[in-house]
Amino acid sequence: MAEAVSQHLSGEAIPADEEVFVLPTSFAQQRLWFLDRLQPDSRAYHLPWAVRLRGRLDRTALQAAVDALVARHAVLRTRFIEADGMAVQQVLPRADLPEGRVCVECVALNGRDPQQAAADYLQGLHFDLASDRLWRLRVLEIAPDDQLLVLVMHHIIADGWSLSVLNRELATAYQAALNGTAPEWSCLPLQYADYARWQADWLASGELSRQLDFWRQELRDAPALLALPVHQPRESGGVPNGAWHHCILPSHSAAALHQLARAQGCTLFMVLLAAFDVLLGRHAGSEDVLVGTPLAGRPHTELEGLIGFFLNTLVLRADLRGDPAFSELLLRVRRVTLDAYAHADVPFEKLVEALAPQRSLSHSPIVQVLFTLHNQPRTSLALPGLESEPVLVTGEAAKFDLSVHVAEEAGGLDIAFAWRSKLFSRLWVESLAADFIALLEAVIAAPETRISRLLPAVRTVLHGPDAVARRGTESSADAAAPTMHPELETTPLPSELEAQLAEIWQSLLPVASIAPNDDFFAIGGHSLLATRMIARIADRLGVELPLISVFEAPTIRGLALRVAAARQRKSVVPDAIPRLERRAEA
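Residues numbered from 1 in each chain as written. Predicted model: local features only at pLDDT ≥ 70, side-chain atom pairs only at ≥ 80, totals over all residues. Heavy atoms only, no water.

1. Let's talk about the overall build of the protein chain
Alright, step 1. The helix and strand inventory of the protein chain stands at 20 helices and 14 strands.
Alright, step 2. For the protein chain, the proportion of contacts with a sequence separation of at least 24, taken over those separated by at least 6, is 78%.
Alright, step 3. Counting every atom, the protein chain has about 25300 Å² of accessible surface; 51% of that belongs to carbon and sulfur. (Helix = DSSP H or I, 4+ residues; strand = E, 2+ residues; numbered from the N terminus. Contact = heavy atoms within 4.5 Å. Areas by Shrake-Rupley, 256 points an atom, 1.4 Å probe, with all protein chains shown as cover.)

2. Concerning the environment of Ala418
Alright, step 1. Along the chain, the position of Ala418 falls in strand E14 (residues 412-420).
Alright, step 2. By relative accessible area, Ala418 is classed as buried at 10%.
Alright, step 3. C-alpha separation for the pair Ala418 and Val429, spaced eleven residues apart in sequence, amounts to 8.8 Å. (Buried < 20%, exposed > 50% of the residue type's maximum accessible area, 1.4 Å probe, protein only.)

3. Looking at helix H11 (residues 348-355)
Along an α-helix, a turn takes 3.6 residues, which lines up residues three or four apart on a common side.
Alright, step 1. All of the buried residues along H11 are Phe348, Glu349, Lys350, Leu351 and Val352.
Alright, step 2. Of the residues one or two after H11, Ala356 is the one with positive phi, at around 50°.

4. A few points about the side chain of Asp277
Alright, step 1. Mapped onto the elements, Asp277 comes out in helix H9 (residues 268-284).
Alright, step 2. Filtering out sequence-adjacent residues up to four positions away, Asp277 remains in contact with Val289, Val291, Ala318, Leu320 and Val333.

5. As for the packing of aromatic side chains
Alright, step 1. For the structure on display, the rule yields 15 aromatic pairs.
Alright, step 2. Where Phe269 meets Phe371, the ring centres are 6.0 Å apart and the plane angle is 50°; that geometry is what we call tilted. With a gap of 102 residues between them, Phe269 in helix H9 and Phe371 in strand E11 (residues 369-374) connect regions that are remote in the sequence. As far as burial versus exposure is concerned, Phe269 and Phe371 are alike and both buried.
Alright, step 3. Taken together through their ring pairs, the aromatic side chains of Phe34, Trp505, Phe520, Phe521 and Phe551 make up a single cluster. (Phe/Tyr/Trp six-rings, centres within 6.5 Å; stacked < 30°, edge-to-face > 60°.)

6. Section: the packing of H9 against helix H10 (residues 326-341)
Alright, step 1. Here H9 crosses H10 at 115°, and the two axes come no closer than 9 Å. Judged by the inter-axis angle, H9 sits roughly perpendicular to H10. Like other packed secondary-structure pairs, H9 and H10 cross with a definite hand, here right-handed. Together, Phe269, Met270, Val271, Leu273, Ala274, Ala275, Asp277 and Val278 of H9 and Phe326, Leu329, Leu330, Val333, Arg334, Thr337, Leu338 and Tyr341 of H10 make up the contact between the two elements. (Axes fitted to C-alpha atoms, helices over the stretch in contact; angles between N-to-C directions. Parallel < 35°, antiparallel > 145°, perpendicular 65-115°, else oblique. Left-handed = near helix turned anticlockwise from the far one by under 90°.)

7. Remarks on the pairing of E11
Alright, step 1. Burial analysis of E11 places five of its six residues in the buried class, the great majority of the element.
Alright, step 2. When E11 meets strand E13 (residues 402-409), the two strands line up parallel, connected through six bridges. Across the sheet, the residue bridging to Val369 is Leu402, located in E13. (Pairing = 2+ DSSP bridges.)

8. Quick word on the pattern of salt bridges
Alright, step 1. One pass over the full model with this rule turns up 24 salt bridges.
Alright, step 2. The salt bridge partner of Asp84 is Arg532, with a shortest N-O separation of 3.3 Å. Of this pair, Asp84 sits in the loop between strand E3 (78-83) and strand E4 (86-91) while Arg532 sits in helix H17 (residues 527-541), placing them 448 residues apart in sequence.
Alright, step 3. For Asp194, the salt bridge is made with Arg197, and the minimal N-O distance between the two is 3.2 Å. Of the two residues, Asp194 and Arg197 both sit in helix H6 (residues 192-203), three residues apart, roughly one turn of that helix. (Salt bridge = Lys/Arg side-chain N within 4 Å of Asp/Glu carboxyl O.)

9. Topic: unusual backbone geometry
Alright, step 1. We note that Ala356 has phi near 50°; this positive angle belongs to a residue other than glycine.
Alright, step 2. Residue placement: Ala356 occurs in the loop between H11 and E11.
Alright, step 3. Judged by its relative accessible area of 42%, Ala356 is partly exposed.
Alright, step 4. In this model, Ile366 sits at a positive phi of 70°, which is unusual for a non-glycine residue.
Alright, step 5. For Ile366, the location among the structural elements is in the loop between H11 and E11.

10. Let's talk about helix H16 (residues 495-508)
Alright, step 1. Here H16 contains 14 residues, and its C-alpha end-to-end distance of 20 Å stays within 8% of the 20 Å for a straight helix at 1.5 Å per residue.
Alright, step 2. Those residues of H16 lying buried are Leu497, Glu498, Leu501, Ala502, Ile504, Trp505 and Leu508. All buried residues of H16 fall inside an arc of 155° around its axis, so they share one side. Exposed and facing more than 90 degrees away from the buried side of H16 are Ser495, Glu496 and Glu503. (Expected span 1.5 Å × (residues − 1). Arc of directions from axis to C-beta.)

11. Comments concerning the sheet that holds E3
Alright, step 1. One open sheet holds the three strands; their spatial order is E1-E4-E3, and the pairing between them is antiparallel. Of all strands in the sheet, those with a lone pairing partner are strand E1 (21-24) and E3, marking the two edges. Across the sheet, the mean angle separating the axes of adjacent strands is 40° when strand polarity is ignored.
Alright, step 2. With six bridges joining them, E3 and E4 adopt antiparallel strand pairing. Bridging from a neighbouring strand, Glu82 pairs with Ala87 of E4.

12. Topic: the environment of Asp339
Alright, step 1. Tracing the sequence through the fold places Asp339 in helix H10.
Alright, step 2. Owing to a relative accessible area of 27%, Asp339 belongs among the partly exposed residues under this scheme.
Alright, step 3. Spatially, the C-alpha atoms of Asp339 and Trp215 are 9.9 Å apart, while their sequence positions differ by 124 residues.

13. Quick word on the side chain of Thr78
Alright, step 1. Inspection of the secondary structure puts Thr78 in strand E3.
Alright, step 2. Since its relative accessible area comes to 3%, Thr78 is described here as buried.
Alright, step 3. Residues contacting Thr78, with those up to four places away along its chain left out, are Gln89, Gln90, Val91 and Leu134.

14. Here's the deal with the sheet that holds strand E5 (residues 104-108)
Alright, step 1. Read from one edge of the open sheet, five strands run E5-E6-E7-E2-E12, paired in mixed fashion. Two strands close off the open sheet at either side, each with one partner strand: E5 and strand E12 (387-391). The sheet shows a mean angle of 25° between the axes of neighbouring strands, direction not considered.
Alright, step 2. Direction of pairing for strand E6 (residues 135-143) relative to strand E7 (residues 146-154): antiparallel, over a ladder of eight bridges. The residue of E7 that forms the bridge with Ala143 is Asp146.
Alright, step 3. Here helix H3 (residues 59-72) sits on the sheet in contact with E5, E6 and E7, set at roughly 165° to E6.

15. Comments concerning the packing of helix H8 (residues 251-263) against helix H12 (residues 426-445)
Alright, step 1. For the pair H8 and H12, the least separation of the axes is 10 Å and the interaxial angle reads 50°. The angle between H8 and H12 falls in the class oblique. Handedness of the H8/H12 crossing: left-handed. Facing H8, whose interface residues are Ser253, Ala256, Leu257 and Leu260, H12 presents Leu440, Glu441, Val443 and Ile444.

Scope: geometric values only; no functional claims are made or implied.
Here is the structure:
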């Protein structure tokens, strides 16, 4: 892949300072745009960061540095508009035009707790992907020479690696502004939109099909849901609230894990993942465990200096059958991981489309648990004349049922558990974290031990009296039943309406005929096609349905009921004024 990127990028890159232009999105961006349409109030994909700055902060120089960054990276002045139900990138001109500028906001705290003020700010922030600037910078003034700098970006334009790029270049531009000079940095060889354009071209090649063949075989007959014991039944839709718990594996134990990895020809990531697989298998009562892990997605050096959303989710499947020794399981995990890395170019969105798992609004497709070892370059913000101290800020929305983030620190491994608080109790997660630490210590002491004996007394701390029963009844079809309209359920629908919907489906799906009760997702539909279908319903039938309708009522009959109900509402409430308001906001 790197060679292909290099050849593609040897051509002319998209200029950073042209007039407004429109380009295709990457597949990762397309998925985040879809999720924003599905859950418009979610903050799950906000990327927050904060640093305490002690000393005199030159606000004018900071604004000049931000302006320079926005001019340098076109993705920082990109919006996402809809075209035929799909997202496209709309890149605005350079930051010296008012509509493209990101203004640094300064707010006096007047004695308020700075971390609480930052949390309140993040809680109330919302991005409109079609019209907003998708990153914000706020200075919370604690005292005359003491301030908390809070930055938040929508994930659609950045990832964790991007924050290191931003820190480094913001410091360079700030120093230049203090000196009254232009920042001394090399010209970017390309923009993020070049990468998105290359990805679209690559997906049309035969390499995509080859790699998809591998994944179809690798994930054949995989369970649709990792059935961990839940606190209460899953809910469909809504914004999943999250919570966090931290624990530490001491430095001497971390060093022993490194030594074990070297002895087995593995990496620290593989050792940690194998132990985590054992833990999940024990609590879920399964010998077949699927875990997702994020990849940086920057296979070429020319991508390393860009701000943008390059992350891809890799699916790693653990086979715990036969009660192997941990050392044997480690070899299995090593093989699976290396094979997955060799086929890691397939965007997760294309994998979901190809595998077509049964869709549910209550959990993410294919993987519901994420495991991450953070080893990307980390550059803290170092502004001249200021003492800086990173401040931990976390979002309150959870992307997955359960996520584990591991980072190597001076004192050992910092292990953070994030979870959907409606699914799991804090007591259970804290027990899970303690079991993970105990399991790692057991692995260090005796890696040849069979996995069933590593945690013989694993604590089954329950959320409530029926938690185990709930685990046994979880399934991939646990979404709530569609919300129908009683006044329409017994009303014969015009056959013309069902025929119009079937025609729309046939324009999107490779099928010759469609029956009223065919499931959109079962006959080849997927999430991005759903957005196109909703757009065509609005265009051809004059009815604007929310995207969630396709998941709640994925048949011709179900959607016809929704369209009929929407038409009834329109006959009572005039549509002219709301439509004009929406246009004014766009």
